[in-house]
There are 2 protein chains.
Amino acid sequence: MGLAGIDKYELLLDLAKRRGFFWPSFEIYGGISGYLDLGPLGARLKRRIEDKWLKLFVYQHGYVAISTPVITPEKVFLASGHVAHFKDLMVTCLQCNRHFKADYALTQAMPARTDIAVEAMSADEIDKFVLDNHVRCPECGGLLSKSEFFSTMFKTNIGPYSEAIGYGRPEAAQGIFVDFKRVFEATREKLPLGIAQIGTVMRNEISPRQGPIRLREFTIMEMEFFFDPEEAACPYLERVEGVTLPLVLAKDRERGRSEIIRVNPRKAVKDGLIVTEWGAYFMALSVRFVTALGVPQDKQRFEEKMPTERSHYSSQTFDHQIWLDRWGWVEIAGHAHRTDFDLAAHIKYSGTDLSVFKPYEKPILKSRRVVVPQESLLGPLLREKTKTIVEALRTRSPEDIEGSIAKSGFFEIQGFRILPSHVRFEDRTEKEAGRRIIPNVVEPSFGAERLVYSTLEHAYTRSGDRVILKLPMGLAPVEVMVFPLMAKDGLPEIASEILATLVARGLQADYDEAGTIGRRYARADEIGVPLSITVDYKTKENQSVTVRDRDSWRQVRADWRQLSDLACRYLLGEVEFRELGTAVEVSYE
Amino acid sequence: MGLAGIDKYELLLDLAKRRGFFWPSFEIYGGISGYLDLGPLGARLKRRIEDKWLKLFVYQHGYVAISTPVITPEKVFLASGHVAHFKDLMVTCLQCNRHFKADYALTQAMPARTDIAVEAMSADEIDKFVLDNHVRCPECGGLLSKSEFFSTMFKTNIGPYSEAIGYGRPEAAQGIFVDFKRVFEATREKLPLGIAQIGTVMRNEISPRQGPIRLREFTIMEMEFFFDPEEAACPYLERVEGVTLPLVLAKDRERGRSEIIRVNPRKAVKDGLIVTEWGAYFMALSVRFVTALGVPQDKQRFEEKMPTERSHYSSQTFDHQIWLDRWGWVEIAGHAHRTDFDLAAHIKYSGTDLSVFKPYEKPILKSRRVVVPQESLLGPLLREKTKTIVEALRTRSPEDIEGSIAKSGFFEIQGFRILPSHVRFEDRTEKEAGRRIIPNVVEPSFGAERLVYSTLEHAYTRSGDRVILKLPMGLAPVEVMVFPLMAKDGLPEIASEILATLVARGLQADYDEAGTIGRRYARADEIGVPLSITVDYKTKENQSVTVRDRDSWRQVRADWRQLSDLACRYLLGEVEFRELGTAVEVSYE
């Protein structure tokens, strides 16, 4: 591609600003790091990526998507553990008062020490490291403060009462967990059940430095997938037999190694590398999805997080990483096994039963020992307290009562001694229709803006000094350009009519009459438009237009009245380019 | 409809919770007012409403949509006037410490006084009213505090520096204004230009009490439409000639009247009722849009806001209101003429030029008087200061210099006296290619969640004890249900195959095998599924299935292998129901 030595990010940023894919937010006010605007093309690319994800992860399985608020009351994040755990260690320069994420300060001070696992270090260990190694402020060389925790959730107040604290949610998952019961009931109470959400999340990074990659606000696409841990087989595993998962395992990483193990999903579960079949299935879908965005498989891997790196709710996490020119391996998805951590936490904190009734195939007969108080004997003894004592007896374990009587000759309750004659014991057989379980959860979670950037970077190619953005067909934010060869002689009017036909057909089409036709093709290639239609003087004679393919630059002539249907089918991948018309050599370029 | 006397909101809320349209957020933690969750059906309905809006307001005209952050640095809202103006007057009970929006407290205390225009009252006037009328706490009857302003923006901190204040944006518009220049440049620098945004906004209401209507967080769909005020004609006005705008004018409201004037868009502009053609055009589109959501035209009106009610940035605002059963007239869109207020404010605060270069048809020749310092004479006098003085002279108005010399015989600059011989004056003719203008803006702005609710309420009908949700075809969150007549004999397998075909075709389809077929039709009607396909024993013989129409309950038989294409065309409104197959009488119901 002839891009050796050039920072693709810089090339892409220039293109992105100029043509309207993305740019840093609030530029006219000097900008603010960690925020990104999507321009007309970027916003459309993002929506198409979201739709593709929804179809692949959610709708094809009959799962569902919901929508819950960004600002979330503190209670929810107290329960989920985010108030306690969602924070970063920060150091402050005592001279210039700048704040730094501790790991940034350490790695800046000792760039050669790639062995420092800052994420695994405690505050005390970091403070000791700073002292022992004379770590100073990366900006001014001043002395650093002791490290302290900085909550990376945005905090605010809901309404006028100061105790009503709210946080910008750092993940969409909690909105799903607190709604689990409602959604489960509305979807005919069946497991497994995938509940997805696409929406804004916020992470108050101390000092984000990675342009479009590390954002304080982004769109998450995540699914909480609830399943019965006793029936954890995934019936879709056979659909992804052909997918190879490139795994970098935690046990290897702990020994400082990073080789990739290539294994198919079923074998990964069988060998105990991935703990659930569903987790392996969604990782395979993840490969399919990211590959469909145009990222080659050799630029993808799954890095298993070490226990010290994992989020507090996860018992196994794989980061789906892809290779980006400037930043190297970058996480674009997380696949976490959240077990029953979140549902159990919300059951405990809210007092609401979020368990699921699991019917047995047929009711089970269960034998149960019960205590039968002899009220005719107890009544005269206990008088007005009879009812209370009898009820209390029934709440106690029959085995305990029987054991105590066998051992001591009585069972003491509320100051009374229950003697052998006061009670009988029976074995009763009862039907049990099922029991309550707490579903387990695996979670695939993606950041949409990173995918927009990654898709663009991997689509970016050059041919000589021409840029061709080879976006996968179904993602192109503009699908067809319509050009009049000249901006006169009635050609613009015909072109506008064609444009209107395409737009009415639901295509994303646009019109351009400025500059030479070659210049216009170049502009179309640069933003990845798959088809360009040119209206020329022949069009006035016989309704034929030229159609040009972005990738091969080949052209065909076709009757424009049949073109909108054909173009739709071409963009869906149903017909080949050459089927759109008769091949022609045109020397517009 | 047989709903007289029944609160439609209660009926709908029950349906919405049970089937998964919407419910109050954070229910398991006791809920928190002003937040709403959308369930699987509601989220899909919302996305379809958004897509419809994008197509109608944005893409059909070739306008664009962008995406900018929710959390916005304070500078932006200082410039836009929101820090100063986006607030409500609040009173506090001195006994129970509850806070109330002042207008709520006043109208609760004096429900009969419909003439109190609280929105137009100052803090002092409210305090005086409270004293004069002995207004007390609506909850406990305690004495009320003086009124004070409560900022209705959510406040937070961006990053670890306490001075970096951010607010949750109360409108998406400011993200568009600060990006205007980038988007204008990326879209070939042409006016008019519509820039839209669909995204989350936040309004920290003091005490919202209207369920899904008054939300602290919702999705705004708004377009800032930039046009040249000197070329303000709207070429699309003829497309909406047939639309009637039902206006309630501010001048009538000020006299306590609320009659509706029905007028077409062009006449409304001609008569001076609406100040811009573009504003009238978007109001007409607004009627088309809301009508397409199923709200009858006689349940719609535009209420012009009085000057005291308008936002600080608007010179004319019409609220598009629709009638809702519980709440009466409710605003579902605002149409504001924002003039050049926002761009001018951001030019002033950011120091960035956001004006637009407007070329003349052909360059204008302009005569301009210039001063020509006689450097050969000035040089020996001024020596090393020559350059400075000569440059300073050129920055001064030639007319001022000439006037001073004519009056006093000299012109003093930086302590030197410029005499008549030191300068010459010339008239030079220069070409001016154009000039810079600040575009004007009209804004149509909708709340997506209110539209979801309104669409549902107007779709809600009953036939006997059956609920039929008559959602417009293109909005139904589930488009086709597939039922096996019996859950045995291979029927479920065929039904699943049909389902897969429909899903692959991009349709929102679902499967149900529980209960009698009549019960399943009823469940489908209740959530507004347009088509139900039933697989029965004939299907095994000849591939035919029955297809049932939600609204007429009529049925046809058709070959299921041709059905997915036909169903698509039916759902797009391209074919009639009877064209789907051969009419049959089936007694499943």
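Above this text you will find the structure in question.
Below is a short write-up of the structure. Values in this document were obtained by computation on a predicted structure and should not be read as measured data.

A short note on the packing of helix α2 (residues 40–58) of chain A against helix α2 (residues 40–58) of chain B
Running from N to C, α2 of chain A and α2 of chain B cross one another at 150 degrees; their axes reach a closest spacing of 14 Å. By the angle between their directions, the pair α2 of chain A and α2 of chain B is classed as roughly antiparallel. Read as a crossing pair, α2 of chain A and α2 of chain B show a hand that is left-handed. Here R47, E50, D51 and L54 of chain A of α2 of chain A come into contact with α2 of chain B, specifically with R47, E50, D51 and L54 of chain B. Considered class by class, the residues forming the contact of α2 of chain A with α2 of chain B number two nonpolar, no polar and six charged.

Section: the sheet that holds strand β14 (residues 300–304) of chain A
All names here are of chain A. With mixed pairing, nine strands are arranged side by side in an open sheet as β3-β10-β11-β21-β16-β15-β14-β12-β13. Two strands in the sheet have a free side with no partner beyond their single neighbour: β3 (64–66) and β13 (261–263). Direction aside, neighbouring strands of the sheet carry axes that sit 25 degrees apart on average. Pairing of strand β12 (residues 245–248) with β14, which is carried by two bridges, proceeds in the parallel orientation. Bridge pairing links V248 to E303 in β14. Against the sheet, α2 contacts β3, β10 (193–202), β11 (217–227) and β21 (440–447), and its axis sits at roughly 5 degrees relative to β11.

Focus: the side chain of D525 of chain A
All names here are of chain A. In this fold, D525 is placed in helix α18 (residues 517–526). Of the residues examined, D525 reaches a relative accessible area of 0% and is grouped as buried. Looking at D525, its side chain comes within polar contact range of the side chain of R548, at 2.9 Å. Among the polar contacts made by the side chain of D525, one reaches the side chain of W553 at a distance of 3.4 Å. With sequence-adjacent residues up to four places away left out, D525 is seen in contact with R466, V467, I468, L469, R548, R550 and W553.

Overview of the relation of the copies chain A and chain B
The two copies are related by a screw motion: chain A maps onto chain B through a turn of 179 degrees and a shift of 0.1 Å along the axis, at an RMSD of 0.5 Å. Between the two chains, the operation in question is that of a two-fold axis. No C-alpha of chain A approaches the rotation axis more nearly than that of T156 of chain A, which lies at 2.7 Å. Here 100% of the interface residues in chain A have copies in chain B that are interface residues too; the copies meet face to matching face.

Some remarks on unusual backbone geometry
Note the cis peptide between L191 of chain A and P192 of chain A, where omega equals -5 degrees. With respect to the helices and strands, P192 of chain A occurs in the loop between α8 (180–186) and β10. Of note in this structure, R383 of chain B is not a glycine but carries a positive phi near 55 degrees. Here R383 of chain B lies in the loop between α13 (375–382) and α14 (386–395). Residue classification places R383 of chain B among the exposed positions, given a relative accessible area of 62%. The residue W553 of chain B is not glycine, and still its phi comes out positive at about 60 degrees. Position of W553 of chain B relative to the elements: it lies in the loop between β27 (544–549) and β28 (555–559). You can call W553 of chain B partly exposed: its relative accessible area is 29%.

Structural notes on the interface of chain A and chain B
Listed by partner, the interface residues are 79 residues for chain A and 79 residues for chain B. Where chain A abuts chain B, roughly 6400 Å² becomes buried across the two surfaces, and 58% of that area is made up of carbon and sulfur atoms. Counting the surface chain A buries against chain B, the share from its top three residues, I28, Y29 and R182 of chain A, is 13%. On the surface where chain A and chain B come into contact, there are 10 salt bridges. In this structure, D512 of chain B engages R188 of chain A in a salt bridge whose closest nitrogen and oxygen atoms are separated by 3.7 Å. Joining chain A to chain B, the criterion identifies 30 residue pairs in polar contact (both at pLDDT 80 or more). Among the elements that make up the side of chain A that touches chain B, the one with the highest residue count is α2 of chain A (eight residues). In the side of chain A that touches chain B, the residues fall into 38 nonpolar, 19 polar and 22 charged.

Considerations on the pairing of β27 of chain B
Residue and element names in this part refer to chain B. Burial runs high along β27: six of the six residues are buried. Burial along β27 is two-sided: the face carrying S544, T546 and R548 and the face carrying V545, V547 and D549 are both buried. Here strand β26 (residues 531–535) pairs with β27 via four bridges, running antiparallel. Looking at β27, one finds that L531 is bridged to D549. As judged from the five bridges shared by β27 and β28, these two strands associate in the antiparallel manner. When the bridges of β28 are listed, V545 appears paired with A558. Where β27 hands over to β28, the hairpin turn is made up of five residues, of which W553 adopts a positive phi near 60 degrees.

Quick look at the pattern of salt bridges
Residues and elements named next belong to chain A. This model, assessed by the stated rule, comprises 100 salt bridges over all chains. Between K46 and E50 there is a salt bridge, with the nearest N and O atoms lying 3.0 Å from each other. Of the two residues, K46 and E50 both sit in helix α2, four residues apart, roughly one turn of that helix. Neither residue differs from the other here; K46 and E50 are each classed as buried. One network of salt bridges, with partners in common, ties together R253, R301, E303, K305, E309 and D319.

Focus on the sheet that holds strand β21 (residues 440–447) of chain B
Note: strands within a sheet are paired through backbone hydrogen bonds, in either parallel or antiparallel orientation. Residue and element names in this part refer to chain B. Taken together, the nine strands give an open sheet; going across it, the order is β3-β10-β11-β21-β16-β15-β14-β12-β13, and neighbouring strands pair in mixed fashion. Single-partner strands in this sheet number two, and they are β3 (64–66) and β13 (261–263). Averaged over neighbouring strand pairs, the angle between their axes works out to 25 degrees when direction is ignored. Sitting on the sheet, α2 touches β3, β10 (193–202), β11 (217–227) and β21, and the angle it makes with β11 is about 5 degrees.

Notes on α2 of chain B
The end-to-end C-alpha distance of α2 of chain B, which contains 19 residues, comes to 26 Å, matching closely the 27 Å that a straight helix rising 1.5 Å per residue would cover. Burial of α2 of chain B is extensive: 14 of the 19 residues sit out of reach of the surface.

Details of the pairing of strand β9 (residues 165–168) of chain A
All names here are of chain A. Burial along β9 is two-sided: I165 and Y167 and G166 and G168, pointing in opposite directions, are all buried. As paired strands, strand β4 (residues 71–73) and β9 are joined by three bridges and run antiparallel to one another. Across the sheet, P73 pairs through a bridge with G166, a residue of β9.

Each value, and the rule that gives it
Residues numbered from 1 in each chain as written. Chains lettered and ligands numbered in written order. Predicted model: local features only at pLDDT ≥ 70, side-chain atom pairs only at ≥ 80, totals over all residues. Heavy atoms only, no water. Axes fitted to C-alpha atoms, helices over the stretch in contact; angles between N-to-C directions. Helix = DSSP H or I, 4+ residues; strand = E, 2+ residues; numbered from the N terminus. Parallel < 35°, antiparallel > 145°, perpendicular 65-115°, else oblique. Left-handed = near helix turned anticlockwise from the far one by under 90°. Contact = heavy atoms within 4.5 Å. Nonpolar A, V, L, I, M, F, W, Y, C, P; charged D, E, K, R; others polar. Pairing = 2+ DSSP bridges. Buried < 20%, exposed > 50% of the residue type's maximum accessible area, 1.4 Å probe, protein only. Polar contact = N/O pair within 3.5 Å; in protein donor to acceptor, adjacent residues only side chain to side chain. Least-squares fit on C-alpha atoms with pLDDT ≥ 70 in both. Buried area = accessible area lost by both parts, 1.4 Å probe. Salt bridge = Lys/Arg side-chain N within 4 Å of Asp/Glu carboxyl O. Expected span 1.5 Å × (residues − 1).

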